[in-house]
There are 2 protein chains.
Amino acid sequence: MNRKMPVKRVRTKQKRLSADDRRSEFVTKATELFAEEGFGGGTRALARKLGVTQPLLYRYFPSKDDLIKEVYRKVYLEPLEIGWEKLLSDRSRPLRARLQEFYEVYTDAIFNRRWLRIYLYSGLKGLDINRWYVGMVKDKILTRILRECRHDAGLATQSRPSAAELELAWVFHGGIFYYGVRKYIYEAPVLEDKAQMISDALDIFLAGFERMAESATDRRRAPIQVVG
Amino acid sequence: MNRKMPVKRVRTKQKRLSADDRRSEFVTKATELFAEEGFGGGTRALARKLGVTQPLLYRYFPSKDDLIKEVYRKVYLEPLEIGWEKLLSDRSRPLRARLQEFYEVYTDAIFNRRWLRIYLYSGLKGLDINRWYVGMVKDKILTRILRECRHDAGLATQSRPSAAELELAWVFHGGIFYYGVRKYIYEAPVLEDKAQMISDALDIFLAGFERMAESATDRRRAPIQVVG
DNA sequence: GGCTCAGTTTATCGAGCGATCACCAGAGAT
DNA sequence: ATCTCTGGTGATCGCTCGATAAACTGAGCC
């Protein structure tokens, strides 16, 4: 990745990085800065984090907006490296185990202060990339989960999930997501065992899906059942 | 509320409002502005929305921060006017009906672009008032809901809910909250029937609580039950 | 050694920000 | 008609912002 770099690391305070290194250092530190301050964070504060002067930024990015776009790309695309599809669709494993592992891995990737804050800030700006991400969650995660659930319950696999199913999945997904928001944005006390939280949420989601599947196949079922 | 105001509304472009009116107009329009632009929104843009000049703001608020605090007060305290406690605790009505109505009323109050955006912006700033609100949701809503659930299920009413129960309630609450975020922040398509969404979410929450209650009273119960 | 070129700095611009002060103007009281 | 009190304006300050242009510097090459 680096260019040819002599081993002798001169000085404790090295300057003069290679162009590639400096550029990625800008993106990394900008992610940290914008996560904390929002995208209103100043270019001078960013330069201070790198120990360089502010105009240097403009040797690497034509404008601050271009830097921001680069931050988006990094933040949104980074957690997508995991092999989601195959994890969720591997029918040689029990459905529940797949869902449990998927959400553990997925939340490992996005449940951190940096990712969540950048995500919320960009969501508030209403950018296209945010809409794209939400669509991606719907198509690549929730729709796939629902398809697997239908298959597991012995129901016909339809190409697109019903609106009610999708909403059920969204509420489940949102409930898990909000755990991360409470912990890393609000910094409120949460149940520390994340895997346990996922397991509990999965229990009630799967039970809910089961019920919905039953009510779809057996129309004579009793109306809503109340606790107790 | 207004001072004595002559009926004759001179001109189409009236200026010279009473101090009370002007002040509250500043707060109202500031709420709109900050909801869209974040709290970085400018005082000049605000003044333009009122059709006045920028320095006038400082006749009514010592600083922009004081204006922001006023906006917080209005946004956070407004939806609290509803009689939550009595609604949730009225045991003459079925639990499920109470929960359904509460969440319909609660989401009527907070599911709008202004409230949600101000809430998220203030959450990202990590202000005390946000932590206070989260604590309030926990103490005044979730804890109360869990107490009613326990009573309804014939369980002993303990003063404080268990961490697992509370987390279950949070995931449920967060799932509903995230519906509002998807609709008004992400502007993504959602199941339009909000009451139906609440009803479905309640179904699976109550079923989940029921299961948890069973597992607490009957330790010999089978392990997690998988769909299908 | 001296040339070169790329990474970096110094100086600065114009615009927008929050905030202040002196002044203006119009409705109500006398 | 004039006074007064107060809501509102015009001009401006000091500062920070993103961005530009020119000058500097040091490692690699001849």
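Residues numbered from 1 in each chain as written. Chains lettered and ligands numbered in written order. Predicted model: local features only at pLDDT ≥ 70, side-chain atom pairs only at ≥ 80, totals over all residues. Heavy atoms only, no water.

### Structural notes on the packing of helix α1 (residues 19-37) of chain B against helix α2 (residues 43-50) of chain B
All names here are of chain B. Packing of α1 against α2 brings their axes to within 10 Å, and their N-to-C directions diverge by 120°. What the angle tells us is that α1 and α2 run oblique. When you trace α1 past α2, the crossing you get is right-handed. Contact residues: R22, E25, F26, K29, A30, E32 and L33 in α1; A45, L46, K49 and L50 in α2. (Axes fitted to C-alpha atoms, helices over the stretch in contact; angles between N-to-C directions. Helix = DSSP H or I, 4+ residues; strand = E, 2+ residues; numbered from the N terminus. Parallel < 35°, antiparallel > 145°, perpendicular 65-115°, else oblique. Left-handed = near helix turned anticlockwise from the far one by under 90°. Contact = heavy atoms within 4.5 Å.)

### Quick word on the interface of chain B and chain A
The interface is formed by 46 residues belonging to chain B together with 45 residues belonging to chain A. When the two sides are added together, the surface that chain B and chain A hide from each other amounts to roughly 4600 Å², 67% of it contributed by carbon and sulfur. Taken together, chain B and chain A are joined by four salt bridges. With a closest N to O distance of 2.6 Å, R182 of chain A and E167 of chain B form a salt bridge. On the surface where chain B and chain A come into contact, there are twelve residue pairs in polar contact (both at pLDDT 80 or more). (Buried area = accessible area lost by both parts, 1.4 Å probe. Salt bridge = Lys/Arg side-chain N within 4 Å of Asp/Glu carboxyl O. Polar contact = N/O pair within 3.5 Å; in protein donor to acceptor, adjacent residues only side chain to side chain.)

### Overview of helix α6 (residues 95-110) of chain B
Over its 16 residues, α6 of chain B runs 22 Å from end to end, which matches the ideal 22 Å to within 8%, given 1.5 Å per residue. Turning to α6 of chain B, its buried residues are L95, R96, R98, L99, Q100, F102, Y103, Y106, T107 and I110 of chain B. (Expected span 1.5 Å × (residues − 1). Buried < 20%, exposed > 50% of the residue type's maximum accessible area, 1.4 Å probe, protein only.)

### What about the environment of E81 of chain B?
Relative to the assigned elements, E81 of chain B resides in the loop between α4 (64-77) and α5 (84-89). Sequence separation of E81 of chain B and A109 of chain B is 28 residues, and the distance between their C-alpha atoms is 9.6 Å.

### Notes on the protein's contact with DNA strand D
As a matter of local geometry, DNA strand D sits amid 24 residues, with R44, Y58 and K64 of chain A together with R22 and R59 of chain B nearest to it. Residue R16 of chain A places a side-chain N or O atom 3.3 Å away from a base nitrogen belonging to DNA strand D. Partitioning the surface near DNA strand D into residue classes produces nine nonpolar, six polar and nine charged. (Near = heavy atom within 4 Å. Nonpolar A, V, L, I, M, F, W, Y, C, P; charged D, E, K, R; others polar.)

### Let's talk about the nonpolar core
In terms of nonpolar packing, the biggest core is built from 141 residues, with Y103 and Y119 of chain A together with Y103 and Y119 of chain B touching the most fellow members. Excluding residues that lie within four positions of it along the chain, Y103 of chain A makes contacts with I141, L142, I145, F172, H173, I176 and I198 of chain A. (Core = buried A, V, L, I, M, F, W, Y, C linked by side-chain atoms within 4.5 Å.)

### Quick look at the relation of the copies chain B and chain A
Overlaying chain B with chain A gives an RMSD of 0.1 Å, the required rotation being 180° about an axis along which the chain moves by 0.0 Å. Such a turn and shift between the copies fits a two-fold axis. No C-alpha of chain B approaches the rotation axis more nearly than that of G175 of chain B, which lies at 1.9 Å. A share of 98% of interface residues in chain B that are also interface residues in chain A marks the association as one of identical surfaces. (Least-squares fit on C-alpha atoms with pLDDT ≥ 70 in both.)

### Things to note about the pattern of salt bridges
Across all of its chains, the model carries 28 salt bridges over all chains by this definition. Two residues, E165 of chain B and R150 of chain B, come together in a salt bridge whose shortest N-O distance is 2.5 Å. Of the two residues, E165 of chain B is situated in helix α9 (residues 163-185) and R150 of chain B in helix α8 (residues 128-152); the sequence distance between them amounts to 15 residues. Of the two residues, E165 of chain B and R150 of chain B, both sit in the buried class. Linked by salt bridges that have partners in common, E36, R113 and E187 of chain A together with R131 of chain B make up one network.

Remember that the coordinates give geometry; whether it matters functionally is a separate question.
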